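Chain residues, written in single-letter form:
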Amino acid sequence: MYAQLVETGAKAVKTLDQMEPQERAFQERINAGIKTEPKDWMPEAYRKTLVRQISQHAHSEYVGMLPEANWITRAPTLKRKAILLAKVQDEAGHALYLYSAVETLGVTRDQTYLDLLSGKAKYSSIFNYPTLTWADIGAIGWLVDGSAIVNQIPLCRCSYGPYARAMVRVCKEESFHQRQGFDIMQALCKGTPEQKAMAQDALNRWWWPSLAMHGPPDELSANSAQSMAWKIKQNSNDELRQRFIDQTAPQIEFLGLALPDADLKWNEARGHYDYGAIDWEEFFNVVNGKGPCNQERLAARNQAWEEGAWFREAMSAYAAKQEQSDMQGAT
Amino acid sequence: MSHKFQYLLRLGDNCLVLSQQLAAWCGHGPALEEDLALTNVALDLLGQARLWLSYAGEVEGRGRDEDALAFGRDGLDFRNLLLVEQPNGHYGNTVARQFLFDAWHRQLLAGLCESSDPRIAEIAQKAVKEVRYHVERSAGLMIALGNGTALSHARMQDAVNMLWPYTNEWFDSDAIDAQCASAGVAPAASSLAAAWRADVETVLGRAGLTTPTYTGHQRGGKLGVHSEHLGRLLTALQFMQRAYPGAQW
């Protein structure tokens, strides 16, 4: 999931009877499956929750470019290089739609972005892990984008129109990304013993962070109930995590890789895979800035921003000069 | 080695090396829109490199494909212009390098569209459409940055001055150029100079920048005598194929 621990400001979900008429009318529209659009009235807490969630999602796309871009110059073939470049470019496109979706809620892109740079805003914990080998590029596409799709398909039905529509396009691209990741893994698994070992190592390192990515278990997710009542979120973290595990475990077997979790087993009675305990302490450490790459990722974004300041200022100054000369030309 | 093979390596290596440089910006550009646009250019050039190098491998006839040529040659066998291997520097250095190259690249591809070799003409016809956009973009950025702020103006002038000595070797004609020109495979190297210069002077003029008068020049790229920068670029480019020889990816 690209947005984790999104604060809704709600301690308990209100019933319709407890709401003022305007809020009640809003909730009834939500319950009837009618999308909320930027100019519609919405409770302030709903607006703020969306700003937090969509901006976190945008930041995740933008920061998420870094671990994958780390391998563009070293991709093993020209074809793989072209695919990876196009994929990372797609992530930039996703960030752009999502920052635009945040703007529809009255917050400018610069304001949103400065919150990331200052460390105030969060992005998905997963991008604080390093890409150490080429197989990590396969594992990210397969597992991280795989997790993202599981999370984002329900977001296509999110109650906020601009976010839902952005997700439709994002999901199409993500499903291509996932296939390319799996394709990299397949090539590695059919390759030399060294390549297969590289694939196994990447699976082992990315498996648990990919599960944690869906967010804390339901009993620890105080904000989920409100987000679900607003139909921003449609499924609980645990449901989505289970869905991801159920679809991915057979793929691990298909690749001929060892399962990364001794407790990962099909449970006939539940109709799902069982899995081992997730290390939530590690997850909260990474979310709170203590992951392996938190400092590097934020430093890289800050460096690009600071070193690009002269460029952005010059482009704005030129645009202003052009506007002025157009106005003079018109009079 | 045939002249045509050598000439195709020059075409392919220019695109490959420049694409590799631009790809290094991905995720680190000064704005999201620049990350998107510059990556487009990198992708176009990478696509062109693959077409040229694949054809070079066929012409050579020793069974080398695009990857064998990209990842299996050392710097001495690279035939790109020195300009494209000059470091990315700040974004203005990258923009200036791109503009000077794009303006030449467009003239070259326009000439190659008329090649007597149908495969070369076909690739050039595809590539020239992309490169027309590259020039439009890089020229637009030159004009904006040249006129933007005092700082951007100074940076762009410095960038142009620094890169200018690398813009002459393109027009030098050697045996390979002469042979390809006389066979109608490619336009004569020197024939592109006037149009390139006119285009560049127009854009620099609109950018409020001075065309450098320095006439000395750096040469050697087309013959495999490179600057120190190429070796480091190849270290990253070729790492995987060198570390895992013979593996399929």
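Above this text is the structure in question.
Because the structure is a prediction, the values reported are computed rather than measured. (Residues numbered from 1 in each chain as written. Chains lettered and ligands numbered in written order. Predicted model: local features only at pLDDT ≥ 70, side-chain atom pairs only at ≥ 80, totals over all residues. Heavy atoms only, no water.)

A.B. asks: What's the story with the overall build of chain B in this structure? I'm lost.
C.D. replies: Scanning chain B from N- to C-terminus turns up 10 helices and 0 strands. Each helix and strand of chain B, placed in order from N terminus to C terminus, yields the pattern α-α-α-α-α-α-α-α-α-α. Expected size for 249 residues packed as a compact globule is a radius of gyration near 18 Å; at 18 Å, chain B falls within 12% of this value. The principal-axis extents of the C-alpha atoms in chain B amount to approximately 55 × 40 × 30 Å. Sorting the 249 residues of chain B into buried and exposed places 60% on the buried side. Within chain B, residue pairs in contact and separated by at least 24 positions form 81% of the contacts whose partners lie at least 6 positions apart. A total of about 9,300 Å² of accessible surface is found on chain B, and carbon and sulfur atoms cover 54% of it. Distance between charge centres in chain B, computed from 21 positive and 27 negative side chains, equals 1 Å. (Helix = DSSP H or I, 4+ residues; strand = E, 2+ residues; numbered from the N terminus. Rg over C-alpha atoms; globule rule 2.2 N^0.38 Å. Buried < 20%, exposed > 50% of the residue type's maximum accessible area, 1.4 Å probe, protein only. Contact = heavy atoms within 4.5 Å. Areas by Shrake-Rupley, 256 points an atom, 1.4 Å probe, with all protein chains shown as cover. Lys, Arg positive; Asp, Glu negative; His and termini not counted. Charge placed at Lys NZ, Arg CZ, Asp CG, Glu CD.)

A.B. asks: Help me out: how do you make sense of the state of the cysteines in this one?
C.D. replies: Simply put, disulfide is the name for a covalent bond between the sulfur atoms of two cysteines. Counting across every chain of the model gives 0 disulfides over all chains. Its sulfur unpaired, B:C26 is 18 Å from the next cysteine sulfur, which belongs to A:C293. A relative accessible area of 2% means that B:C26 is categorised as buried. (Disulfide = S-S within 2.5 Å.)

A.B. asks: What should I look at first to understand the packing of aromatic side chains in this one?
C.D. replies: Each aromatic ring pair is summarised here by two numbers: the centre-to-centre distance and the angle between the ring planes. One pass over the full model with this rule turns up 24 aromatic pairs over all chains. Centroid distance A:W280 to A:F283: 5.2 Å. Interplanar angle 85°. Geometry classified as edge-to-face. Residue A:W280 and its partner A:F283 are both found in helix α10 (residues 280-290); the two are separated by 3 residues, about one turn of the helix. In this structure A:W280 comes out as buried when scored by relative accessible area, which is 16%. A centroid spacing of 5.3 Å and a plane angle of 75° characterise the contact between B:W170 and B:W196, whose relative ring orientation is edge-to-face. (Phe/Tyr/Trp six-rings, centres within 6.5 Å; stacked < 30°, edge-to-face > 60°.)

A.B. asks: Please explain unusual backbone geometry as it appears in this structure.
C.D. replies: For residues that are not glycine, phi is negative in most cases, and the peptide bond is trans in most cases. The residue A:K231 is not glycine, and still its phi comes out positive at about 55°. Mapped onto the secondary structure, A:K231 falls in the loop between α8 (224-229) and α9 (237-255).

A.B. asks: In this structure, what is going on with the interface of chain B and chain A? I would like to understand it.
C.D. replies: It is common to give the size of an interface as the accessible area lost on bringing the parts into contact. Chain B puts 49 residues into the contact, and the matching count from chain A is 45 residues. Both faces considered, chain B and chain A share a buried interface measuring about 4,000 Å² in area, 71% of it formed by carbon and sulfur atoms. Taken together, chain B and chain A are joined by 1 salt bridge. A salt bridge links A:R109 to B:E33; the shortest N-O distance between them is 2.4 Å. (Buried area = accessible area lost by both parts, 1.4 Å probe. Salt bridge = Lys/Arg side-chain N within 4 Å of Asp/Glu carboxyl O.)

A.B. asks: In this structure, what is going on with helix α12 (residues 309-330) of chain A? I would like to understand it.
C.D. replies: Spacing of three or four residues puts side chains on the same side of an α-helix, whose turn is 3.6 residues. Across its 22 residues, α12(A) extends 31 Å between first and last C-alpha, which sits within 8% of the 32 Å expected from 1.5 Å per residue. Inspection of α12(A) places A:W310, A:F311, A:R312, A:A314 and A:Y318 among the buried residues, and these make up the whole buried set. Looking at the buried side of α12(A), the elements it contacts are α11 (294-307) of chain A together with α2 (32-60), α5 (91-112), α6 (118-147) and α7 (150-163) of chain B. (Expected span 1.5 Å × (residues − 1).)

A.B. asks: How do you make sense of the pattern of salt bridges when you look at a structure like this?
C.D. replies: Side chains carrying opposite charge are able to pair once their charged atoms draw close together. With the rule as written, the count across this model stands at 31 salt bridges over all chains. In this structure, A:E91 and A:K87 form a salt bridge, with 3.0 Å as the shortest nitrogen-oxygen distance. Linking A:E91 with A:K87, this pair stays in helix α3 (residues 78-103), spanning 4 residues, or about one helical turn. The pair formed by A:E91 and A:K87 is uniform in burial state, with each residue classed as buried. Residue B:R106 pairs with B:D199 through a salt bridge whose shortest N-O separation is 3.0 Å. With B:R106 in helix α5 and B:D199 in helix α9 (residues 193-206), the pair connects residues that are 93 residues apart, well separated along the chain. Each of A:E68, A:K87, A:E91 and A:D145 takes part in salt bridges that share partners, so that together they form one network.

A.B. asks: Sorry if this is basic, but what is going on with the layout of surface pockets here?
C.D. replies: Vacant regions in the atomic arrangement are exposed by a probe of water-molecule size rolled over the atoms. Residue and element names in this part refer to chain A. Quantified by volume, the largest pocket comes out at close to 480 Å³. Lining the largest pocket are 19 residues, and of these R52, S55, K120, A121 and K122 lie nearest its centre. Those elements that provide at least two residues to the lining of the largest pocket are α2 (44-69) and α4 (109-117). The element contributing the most residues to the lining of the largest pocket is α2, with 6 residues. (1 Å grid on protein atoms, 1.4 Å probe; cavity = no way out; pocket = protein on both sides within 12 Å on 5 of 7 lines; lining within 4 Å. Points joined across faces, edges and corners; volume = space filled by probe spheres on them.)

A.B. asks: How should the side chain of A:D261 be read in this particular structure?
C.D. replies: Residue and element names in this part refer to chain A. By the secondary structure assignment, D261 is in the loop between α9 and β1 (265-267). Of the side chains with opposite charge, K265 lies nearest to the buried D261, which makes no salt bridge, at 7.6 Å. At a separation of 2.7 Å, a polar atom in the side chain of D261 contacts the main-chain amide nitrogen of G276. (Polar contact = N/O pair within 3.5 Å; in protein donor to acceptor, adjacent residues only side chain to side chain.)

A.B. asks: Sorry, what's going on with empty space enclosed by the protein here?
C.D. replies: Residue and element names in this part refer to chain B. By the definition in use, this model includes 2 cavities of 30 Å³ or more. Here the largest cavity is characterised by a volume of approximately 140 Å³. For the lining of the largest cavity, the elements supplying multiple residues, two or more each, are α1 (3-23) and α5. With 4 residues, the top contributor of residues to the lining of the largest cavity is α1. Split into classes, the residues belonging to the lining of the largest cavity amount to 9 nonpolar, 1 polar and 4 charged. One number sums up the size of the second largest cavity: a volume of about 30 Å³. Taken together, L11, N14, C15, W52, W104, H105, L108 and L109 make up the full set of residues lining the second largest cavity. When residues of the lining of the second largest cavity are traced back to their parent elements, those giving at least two are α1 and α5. (Nonpolar A, V, L, I, M, F, W, Y, C, P; charged D, E, K, R; others polar.)

So far we have only geometry, and geometry alone does not tell us how the molecule works.
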